[in-house]
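The chain contents come next:
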Amino acid sequence: MKYRTLGRTGVQVSTLALGAMNFGAIGRTTQEEAIAIVDAALDAGINVIDTADMYGQGESEEMVGRAISGRREGLILATKANMPMGEELNHQGSSRRWLTMELDNSLRRLGVDHVDLYQIHRWDPTTSDEETLSALTDLQRAGKIRYFGSSTFPAYRIVQAQWAASERHLSRYVTEQPSYSILQRGIETHVLPVTQEYGLGVLAWSPLASGWLSGAIREGREIATSRSGLMPARFDTTIPVNRAKMEAVEQLAGVADQAGLTMIQLALGFVTAHPGVTSAIIGPRTLQHLHSQTAAADTVLSSDILDAIDAIVAPGTDLAPDEKVDTPPSLLDPSLRRR
């Protein structure tokens, strides 16, 4: 396992991080399996576990808490808040009221007295940067969080938050967690240049593109991944963007075969090759999945392989732009357009 500095924090983190979204109902990973996955990940040298309150409405955090019992020391524990938790109107967002309340809930579910990284799951257009950053700064000073970061923020919101922190003399986001894979390279255009400019650590989620780059999805095979049941439209090959993804996958499989690599090694090696990326978050549902992904920990792609990937999916290109989750609200809600 390789390690890199998380932004400018001085904290050393593994280039592969364990994502726990699949723990519980979402991925049907049982508590026993979760413990085995966490144990094997830590034994392989992974020292970052990333979860969120909304994964299974707290179930993932509870399962992670049980899995890390007795192994907290040396572990970089990250969770997130902002997404709706139940039906209560104010049990969501990035307000001081909710973050203060929900962090205590997360700590209780995880069975710890602090988290190392607390992340705002999505940008909240209804809450000011000053409100959120001042709450996070106070939680940091209280010792409940060591650092805080953003997740899937548009580049301009990352810049705005950095400015607000400086202007108001508040602590700042030190990490960003964007979606990044060979098939979704849009963040290379704006987000990664910004995170590099401000020295943010980058924890990339979905490096296997929801399973498209796992090796299991190929032309002529039935697509039967856990994600295909949850998001069928993203795997319907009659849809043009999915046809484009399938064509790219077939070409990438040829590159991997020629290089003597698995598709997983090619995909994870690509993400961690970018100088602006700190870690790639893997989200195994089974121990077998974990082993196939940690096998990519030491993968280094040559310039020739990276050039071949660029020829298939051009730098800065999203093959499925509609799948992006950092689109400004004004482009999603007609009532906000030109009004």
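Coordinates for the structure precede this section.
Note that the structure is a prediction, hence the values are computed from the model and not measured. (Residues numbered from 1 in each chain as written. Predicted model: local features only at pLDDT ≥ 70, side-chain atom pairs only at ≥ 80, totals over all residues. Heavy atoms only, no water.)

Draft legend 1. Inspection of the packing of helix H5 (residues 155–168) against helix H6 (residues 191–198) at higher detail. Where H5 contacts H6, the two axes come as close as 8 Å, and the packing angle between them is 20 degrees. Between H5 and H6, the crossing angle belongs to the class labelled roughly parallel. The element H5 and its partner H6 pack so that their crossing is left-handed. Where H5 approaches H6, its residues Ala155, Ile158, Val159 and Gln162 are matched on the opposing element by Val191, Val194, Thr195 and Tyr198. (Axes fitted to C-alpha atoms, helices over the stretch in contact; angles between N-to-C directions. Helix = DSSP H or I, 4+ residues; strand = E, 2+ residues; numbered from the N terminus. Parallel < 35°, antiparallel > 145°, perpendicular 65-115°, else oblique. Left-handed = near helix turned anticlockwise from the far one by under 90°. Contact = heavy atoms within 4.5 Å.)

Draft legend 2. Main features of the environment of Leu290. Mapped onto the secondary structure, Leu290 falls in helix H10 (residues 287–294). Sequence separation between Leu290 and Met54 is 236 residues; the distance between their C-alpha atoms is 23 Å.

Draft legend 3. Structural detail: the sheet that holds strand S9 (residues 201–204). Strand order in the closed barrel formed by eight strands is S3-S4-S5-S6-S7-S8-S9-S10, with parallel pairing between adjacent strands. Here the average twist between neighbouring strands, direction ignored, is 30 degrees. Sheet analysis places strand S3 (residues 16–19) next to strand S10 (residues 279–282), joined by three bridges and oriented parallel. Across the sheet, Leu18 pairs through a bridge with Ile282, a residue of S10. Together, S3, S9 and S10 form the strand contacts of helix H9 (residues 263–273), whose direction differs from that of S10 by roughly 145 degrees. (Pairing = 2+ DSSP bridges.)

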